[in-house]
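Commentary on secondary and tertiary structure
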Amino acid sequence: MSDGKLILVSHYLCPYVQRAAITLAEKAVPFGIRYVDLSAKPDWFLDISPLGKVPLLIVPQGEGSETVLFESAVICEYLEETQSGARLHPTDPLTRARHRGWMEFGSSILSDLWGFETAKDEGTYEAKRTALIDKFARVEAELRNGPFFAGEAFSLVDAVFAPIFRYFDVFDTITSVGVFDGLPLVKAWRAELASRQSVRDAVTHDYPERLKAFLLNHDAFLLSRAA
């Protein structure tokens, strides 16, 4: 642990890590970052990650000890409860509960996204594309005036959806997937999040190249749609 700072254990492409990184940045919390190769997980990582996944947040304690938090939602909630800076959850309990529900909905979109980006045939690709279209149509019905999910204030829901939209920034350079056609509010929200500093800084500069390499390694059908 360096300088008593929080340490975020990360992987270059993980959208769940990005949630935590965005939250840390929005709350102006100094932190270090440590990358791990998930295809060859080192022993030190397996020793502290009960699920063998990222993100992890290493929290320094007194006398050189530390506590490790796992699961992105848990990490984001901990940061919201313990760190100063912008509030990222509504104060009203009912509204806060609804936000947590939409954060989980974002996780369900990520599950479909995994199937979409790793689909090796047209049938699977189209089935997952349809699932994504249906889910973003539900999101469109929930949005109002923006610019963020709940209006003027950036929230943890925005931190969840920003990494989702980032995938499509890369997909769009390959082919038009048509997931956001006819969804003007989702499109506006996506553009607003893409321009935010915390979102841009949540990944390394070579994220697009890394994601394209991932698609190539998985023989993704998406690549066959390139113009």
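This text gives an overview of the structure that appears in the document. (Residues numbered from 1 in each chain as written. Predicted model: local features only at pLDDT ≥ 70, side-chain atom pairs only at ≥ 80, totals over all residues. Heavy atoms only, no water.)

Okay, the packing of helix H6 (residues 156-171) against helix H7 (residues 184-194) next. Two elements in contact, H6 and H7, have axes whose closest approach is 9 Å; the angle formed by their N-to-C orientations is 95 degrees. When the interaxial angle is binned, H6 and H7 end up roughly perpendicular. Seen from H6, the contacting residues are Val157, Asp158, Phe161, Ala162, Phe165, Phe168 and Asp169; seen from H7, they are Val186, Trp189, Arg190, Leu193 and Ala194. Class assignment of the residues belonging to the contact of H6 with H7 gives a composition of nine nonpolar, no polar and three charged. (Axes fitted to C-alpha atoms, helices over the stretch in contact; angles between N-to-C directions. Helix = DSSP H or I, 4+ residues; strand = E, 2+ residues; numbered from the N terminus. Parallel < 35°, antiparallel > 145°, perpendicular 65-115°, else oblique. Contact = heavy atoms within 4.5 Å. Nonpolar A, V, L, I, M, F, W, Y, C, P; charged D, E, K, R; others polar.)

What the four strands build is an open sheet, ordered E2-E1-E3-E4; its pairing is mixed. The open sheet is flanked by strand E2 (31-35) and strand E4 (66-70), the only strands paired with a single partner. On average, each strand axis in the sheet is tilted by 25 degrees relative to the strand beside it, whichever way the strands run. With five bridges connecting them, strand E1 (residues 6-10) and E2 associate as parallel partners. Looking across to E2, one finds that Ile7 is bridged to Gly32. (Pairing = 2+ DSSP bridges.)

Of all five residues in E1, five are buried; the element is thus mostly enclosed. A crossover links E1 with its parallel partner E2, the connecting element being helix H1 (residues 15-26), and its sense is right-handed. Pairing of E1 with strand E3 (residues 56-60), which is carried by three bridges, proceeds in the antiparallel orientation. Across the sheet, the residue bridging to Ile7 is Ile58, located in E3. (Buried < 20%, exposed > 50% of the residue type's maximum accessible area, 1.4 Å probe, protein only. Right-handed = clockwise from strand over helix to strand, strands pointing away.)

The next subject is the layout of surface pockets. One number sums up the size of the largest pocket: a volume of about 620 Å³. As for the largest pocket, its lining consists of 30 residues, and the residues nearest its centre are Cys14, Pro15, Tyr16, Val54 and Trp114. Going through the elements one at a time, H1, helix H3 (72-82), helix H4 (93-118) and helix H9 (207-217) are the ones with two or more residues in the lining of the largest pocket. In terms of residue count, the dominant contributor to the lining of the largest pocket is H4 (seven residues). When its residues are assigned to classes, the lining of the largest pocket shows 18 nonpolar, six polar and six charged. The calculated volume of the second largest pocket comes to roughly 180 Å³. In terms of residue class, the lining of the second largest pocket is made up of five nonpolar, three polar and two charged. (1 Å grid on protein atoms, 1.4 Å probe; cavity = no way out; pocket = protein on both sides within 12 Å on 5 of 7 lines; lining within 4 Å. Points joined across faces, edges and corners; volume = space filled by probe spheres on them.)

Moving on, we get to the environment of Trp102. Examined against the element boundaries, Trp102 turns out to sit in helix H4. Overall, Trp102 belongs to the buried group, its relative accessible area being 15%. The spatial distance from the C-alpha of Trp102 to the C-alpha of Val160 is 9.0 Å, given a sequence separation of 58 residues.

To continue, consider the packing of aromatic side chains. With the rule as written, the count across this model stands at 20 aromatic pairs. On the basis of an interplanar angle of 80 degrees and a centroid distance of 5.5 Å, the ring pair of Phe148 and Phe154 is categorised as edge-to-face. A residue is classified by how much of its surface remains accessible, and Phe154, at 7% relative accessible area, is buried. Aromatic pair Phe161 and Trp189: ring centres 4.9 Å apart, planes at 40 degrees, arrangement tilted. In this pair, Phe161 is assigned in helix H6 and Trp189 in helix H7, connecting sequence segments 28 residues apart. (Phe/Tyr/Trp six-rings, centres within 6.5 Å; stacked < 30°, edge-to-face > 60°.)

Moving on, we come to the pattern of salt bridges. Considering all chains together, one arrives at 13 salt bridges under this definition. In this structure, Arg196 engages Glu26 in a salt bridge whose closest nitrogen and oxygen atoms are separated by 2.6 Å. Here Glu26 lies in helix H1 and Arg196 lies in the loop between H7 and helix H8 (197-200), a separation of 170 residues in the sequence. Arg196 sits in the partly exposed class, given a relative accessible area of 26%. Look at Glu26 and you get buried, because its relative accessible area is 15%. Between Lys135 and Asp112 there is a salt bridge, with the nearest N and O atoms lying 2.8 Å from each other. Taken as a pair, Lys135 in helix H5 (residues 122-142) and Asp112 in helix H4 lie far apart in primary sequence, 23 residues in all. Accessibility expressed as a relative area gives 10% for Asp112, which makes it buried. Beyond isolated ion pairs, a larger network of salt bridges with shared partners links Lys27, Glu80 and Arg87. (Salt bridge = Lys/Arg side-chain N within 4 Å of Asp/Glu carboxyl O.)

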